[in-house]
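Summary of structural features
The residues making up each chain are set out below.
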Amino acid sequence: NHVVLVDNGDSIQGEPIGTMTTGEANVKLMNAVGYDIAVPGNHEFDYGMDGAMNAIDWANFDYVTLHNGLTLAAKQVPPTFHARYQAEGKWYTYRIHNAPHASALYRNLTAHVPVHLDEKKMHRAAQQLLGTHDFAAFAAAGGSAKTTVRTIDRVSVERQGDMVTLKIHGNAFLYNMVRIIAGALIYIGQGKLDEGCIPRAIETGNRLELGITAPAAGLELTRVEYALDEE
């Protein structure tokens, strides 16, 4: 088996372009590589970027590019390797276009916030996320995580012109966790929430402390880290 990283330009992360069953996935992969491939299981799944990753992860092939995707790298791994569950760390980036008018070029890649943001206050507030905590308040309904305890070891908020960028690294993230963090920091940067809302939410588990969930358009899964990367 090989792991192939795919960037599918047809969808925004969190907004898949559709769903297909495993039977349909088998047909698509067979057409792509020219021979029969069995995707295990019997379920329906998204075929946005994450769905493509899941299908490819289980397939037995040497090289393939699906849709208009770009293959970035490939490495031989054991048959038991799982791209999601064996990840040891992840970098996420969340980009906010902070200007009176939305960008014609980057509107699908950034969240647009017309009201000025105080990025220094946002950065200061974000440091309260560091460490190992129960992040139950930072998870949207519908997630499948067995525990809501996560470790965040690096986080920053910086501005370059009209672009405010959140970068965050941790061992794992809950469903919509980064977007909820981004939404809270946006409200803090606007003065709608105080910086103490983050430790209060961690302590109480109260999602209502944190304001909005930021739009999917600004979110980027920048890097996934594996023990294989060190080999």
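Here, every reference points to the structure presented above.
Here's a quick rundown of the structure. (Residues numbered from 1 in each chain as written. Predicted model: local features only at pLDDT ≥ 70, side-chain atom pairs only at ≥ 80, totals over all residues. Heavy atoms only, no water.)

**A word on unusual backbone geometry**
For asparagine 176, which is not glycine, the phi dihedral falls at a positive 65°. The residue asparagine 176 is located in the loop between β9 (163-170) and α4 (177-190) in this model. (Helix = DSSP H or I, 4+ residues; strand = E, 2+ residues; numbered from the N terminus.)

**Brief notes about the nonpolar core**
Formed by 38 residues in total, the largest nonpolar core has its most connected members in Phe138, Ile168, Leu185 and Ile198. Examining the composition of this core, we find that nine residues originate from one element, α4, more than from any other. Sequence-distant contacts of isoleucine 168, that is, excluding residues within four places in its chain, are made with Lys90, Trp91, Tyr92, Leu129, Ile152, Arg154, Val155, Phe173, Val178 and Ile181. The next biggest cluster of nonpolar side chains, apart from the first, holds six residues, and it includes Phe81, Ala87, Tyr226 and Leu228. (Core = buried A, V, L, I, M, F, W, Y, C linked by side-chain atoms within 4.5 Å. Buried < 20%, exposed > 50% of the residue type's maximum accessible area, 1.4 Å probe, protein only. Contact = heavy atoms within 4.5 Å.)

**Digging into the side chain of asparagine 98**
Tracing the chain through its elements places asparagine 98 in the loop between β5 (89-97) and β6 (111-112). From its side chain, asparagine 98 meets the backbone nitrogen of leucine 117 in a polar contact 3.0 Å long. Among all residues touching asparagine 98, those that are not within four sequence positions of it are Val113, Pro114, Val115, His116, Leu117, Arg159, Asp162 and Val164. (Polar contact = N/O pair within 3.5 Å; in protein donor to acceptor, adjacent residues only side chain to side chain.)

**Quick word on a nonpolar patch on the surface**
Among the surface-exposed residues, Leu105, Tyr106 and Leu109 lie close enough to one another that they form a single nonpolar patch of about 360 Å² accessible area. By secondary structure assignment, the location of leucine 109 is in the loop between β5 and β6. (Patch = residues over 30% accessible without salt bridge, like charges linked within 9 Å, V, L, I, M, F, W, Y side chains within 5 Å. Areas by Shrake-Rupley, 256 points an atom, 1.4 Å probe, with all protein chains shown as cover. Salt bridge = Lys/Arg side-chain N within 4 Å of Asp/Glu carboxyl O.)

**Some points on α4**
Over its 14 residues, α4 extends 20 Å from the first C-alpha to the last, a length consistent with the 20 Å expected when each residue adds 1.5 Å. Residues of α4 that are buried include every one of Met177, Val178, Arg179, Ile180, Ile181, Ala182, Gly183, Ala184, Leu185, Ile186, Ile188 and Gly189, and no others. Close packing links the buried residues of α4 with β5, α3 (119-126), β8 (149-160), β9, α5 (197-204) and β10 (219-225). Looking one or two residues beyond α4, the residue adopting positive phi is glycine 191, at roughly 85°. (Expected span 1.5 Å × (residues − 1).)

**A look at the pattern of salt bridges**
What the rule picks out here adds up to six salt bridges. Measuring nitrogen to oxygen at the nearest pair gives 3.2 Å for the salt bridge that ties arginine 200 to glutamate 209. A single network of salt bridges, built from pairs that share partners, joins Asp194, Arg200 and Glu209.

**Things to note about the environment of aspartate 194**
By the secondary structure assignment, aspartate 194 is in the loop between α4 and α5. The class of aspartate 194 is partly exposed, set by a relative accessible area of 41%. Linking aspartate 194 and leucine 210, residues 16 residues apart in sequence, is a C-alpha distance of 9.8 Å. If sequence neighbours within four positions are ignored, aspartate 194 has contacts with Ile188 and Arg200.

**Thoughts on α5**
Of the positions making up α5, those classed as buried are Cys197, Ile198, Ala201 and Ile202. The buried residues of α5 all sit within an arc of 135° when viewed along its axis, so they share a single face. Those residues of α5 that are exposed and aimed more than 90 degrees away from the buried face are Glu203 and Thr204. Looking at the buried side of α5, the elements it contacts are α3, β7 (131-134) and α4. Once α5 ends, the next one or two residues include glycine 205, with phi positive near 75°. (Arc of directions from axis to C-beta.)

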